[in-house]
Amino acid sequence: MRVLIIGRGGREHALVWKVAQSKHVSDIFVAPGNDGMSKMATCIDIAETAVEQLVAFAKEQTIDLTIVGPESSLSVGVVDAFEAAGLAIFGPTQAAAKIEASKQYAKDLMAKYNIPTATYEVFTDYEAALAYIETTGVPIVIKADGLAAGKGVVVATTFDQAQSALQAMLVDDAFGEAGTRVVIEECLVGEEFSFMAFVRGTDVYPMVLSQDHKRAYDGDSGPNTGGMGAYSDVPQISEVDRQQALETIVKRMAHALVSEGTPFTGFLYGGCMLTNNGVKTIEFNARFGDPETEIILPRLKSDLVEIIQSLLANQTPIIEWSEAQSIGVCIAGKGYPGDVTTMGMPIGGLTDLEQCDDIQVFHAGTKWDGHQWCVNGGRAAYVVASADTLLEAQQKVAQALDRIEQKTVFWRNDIGYKAIAHQKK
Ligand code: AMP
Ligand code: GLY
């Protein structure tokens, strides 16, 4: 089979790595990909959102299967266009992907189908929004309705923060069109986890749980980022709570989308929180999580291409998971999540680290200058290890990271700490 993967980050590198292990696959293309994947796949210079060019490429190159990484492709209808052209593709249609592209749409569906989530109100008018938060008080969560590359959520702990978030979104248009409407929701407290599943209509095949660390620095302090690391499994979430999240969040949303006439096919992502009042939904994504993919796929024993082929053919897939636990740590350019001050500069030791046995490196924002890896984005690469326990996996990653010079990059040393503390109890 000839497989096309759409996207350019660590998630797509992990997809390439996993797809390359399939006995059915002869060739892998990535649009646009990155230098780190180019040993395993042919990178082609087509953007994720250039739908017509992607369709033309898939036809010309007789691609047998396309797998979509990012929401940006889904929200412009890449799946609809491939299906209309008779090309096999795995991902939700534009209508189904709206559960990620519009937070209001997602919240309205959750309300309609009784999917547990934070209470909310929607505003387009600054004064009305401000009057509302005067009645609710803080903490309060303010979300831009549309896609904002993970930057459109403000958990405001002071009234000033809430006010400036509203000002930025509704008055100063900081997020453009995506921020002309805001969802203001109750601030939930509890343990977050990512619940992803392979979905086709009402058929839901859960993946193992994972958790990402969004804050920049150790101890979950500092600003929010696109993900400084992740791990799987999540032992702090009991089997009872996992079942509840599966039934009331992930399965209920899959059923809701069928009832709405927009069935979901693809990787469905439920961002969940275990609160004192049971599990609640933080958000839905219409795709594989990033960086969750980088640590989940090493635990998948089955052939990913076979799973996708079975789903597309309306058959029951065989999905087996390894008991091994995995941890991935992000090497980030200095300054991230603000402006990266080391763009283009070498990441000393990364080529050396790639030689380590038992360690996977998934590249996101790196560039190969002909001799060495250089910083080419905030999140440069993920270093992933698996082991019998999370503690051992953490130690393996730490040993590998000892080879990296800290001149141009930084990373967190505590990824997985809550789970490891839980396992020690
Ligand atoms: P998102 O960009 O939607 O993934 O949201 C970013 C982060 O904001 C989430 O991972 C949560 O930590 C936090 N968050 C979002 N919604 C809420 C909420 N209703 N209550 C508390 N925290 C939230
Ligand atoms: N890790 C969260 C996301 O993929 O949006």
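Residues numbered from 1 in each chain as written. Chains lettered and ligands numbered in written order. Predicted model: local features only at pLDDT ≥ 70, side-chain atom pairs only at ≥ 80, totals over all residues. Heavy atoms only, no water.

Some thoughts on the overall build of the protein chain
Line of reasoning, step 1. Scanning the protein chain from terminus to terminus reveals 14 helices and 21 strands.
Line of reasoning, step 2. For the protein chain, the C-alpha atoms occupy an extent of roughly 55 × 50 × 45 Å along the three principal directions.
Line of reasoning, step 3. Contacts in the protein chain between residues at least 24 apart in sequence constitute 69% of all its contacts with a sequence separation of at least 6.
Line of reasoning, step 4. For the protein chain, the accessible surface area stands at approximately 17100 Å², while carbon and sulfur atoms represent 47% of it.
Line of reasoning, step 5. In the protein chain, which carries 34 positive and 54 negative side-chain charges, the distance between the mean positions of the two groups comes to 3 Å. (Helix = DSSP H or I, 4+ residues; strand = E, 2+ residues; numbered from the N terminus. Contact = heavy atoms within 4.5 Å. Areas by Shrake-Rupley, 256 points an atom, 1.4 Å probe, with all protein chains shown as cover. Lys, Arg positive; Asp, Glu negative; His and termini not counted. Charge placed at Lys NZ, Arg CZ, Asp CG, Glu CD.)

With respect to the pattern of salt bridges
Line of reasoning, step 1. Taken as a whole and judged by the stated rule, the model has 22 salt bridges.
Line of reasoning, step 2. Residue Asp35 pairs with Lys367 through a salt bridge whose shortest N-O separation is 3.7 Å. Placement of the pair is Asp35 in the loop between strand S2 (27-32) and strand S3 (42-43) and Lys367 in strand S18 (residues 366-368), with a sequence separation of 332 residues.
Line of reasoning, step 3. Here Arg287 ties to Glu71 by a salt bridge, and the two come within 2.8 Å at their closest N and O atoms. Of this pair, Arg287 sits in the loop between strand S15 (278-285) and helix H10 (292-296) while Glu71 sits in helix H3 (residues 71-75), and the two are 216 residues apart along the sequence.
Line of reasoning, step 4. Among the residues examined, Arg287 registers a relative accessible area of 11% and is labelled buried.
Line of reasoning, step 5. Salt bridges here are not isolated pairs; linked through shared partners, they connect Asp218, Asp220, Arg412 and Asp414. (Salt bridge = Lys/Arg side-chain N within 4 Å of Asp/Glu carboxyl O. Buried < 20%, exposed > 50% of the residue type's maximum accessible area, 1.4 Å probe, protein only.)

Section: the environment of Val30
Line of reasoning, step 1. Following the sequence through the fold, Val30 ends up in strand S2.
Line of reasoning, step 2. Accessibility expressed as a relative area gives 0% for Val30, which makes it buried.
Line of reasoning, step 3. Distance in space between the C-alpha atoms of Val30 and Arg412 is 29 Å, their sequence separation being 382 residues.
Line of reasoning, step 4. Residue contacts for Val30: discarding those within four places in its chain leaves Leu4, Ile5, Gly7, Val16, Met37, Ala41, Thr42, Cys43 and Ile44.

A word on the packing of aromatic side chains
Line of reasoning, step 1. In the structure shown here, the tally under the stated rule is 8 aromatic pairs.
Line of reasoning, step 2. With 5.2 Å between their ring centres and 40° between their planes, Phe123 and Tyr132 make a pair best called tilted.
Line of reasoning, step 3. Here the aromatic residues Phe90, Phe198, Phe267 and Phe288 are joined through ring pairs into a cluster of three or more.
Line of reasoning, step 4. The ring centre of Tyr105 lies 4.7 Å from the NZ or CZ of Lys98, which sits over that ring. (Phe/Tyr/Trp six-rings, centres within 6.5 Å; stacked < 30°, edge-to-face > 60°. Lys NZ or Arg CZ within 6 Å of the ring centre and 35° of its normal.)

Geometric descriptors of this kind do not, in isolation, establish any biological role.
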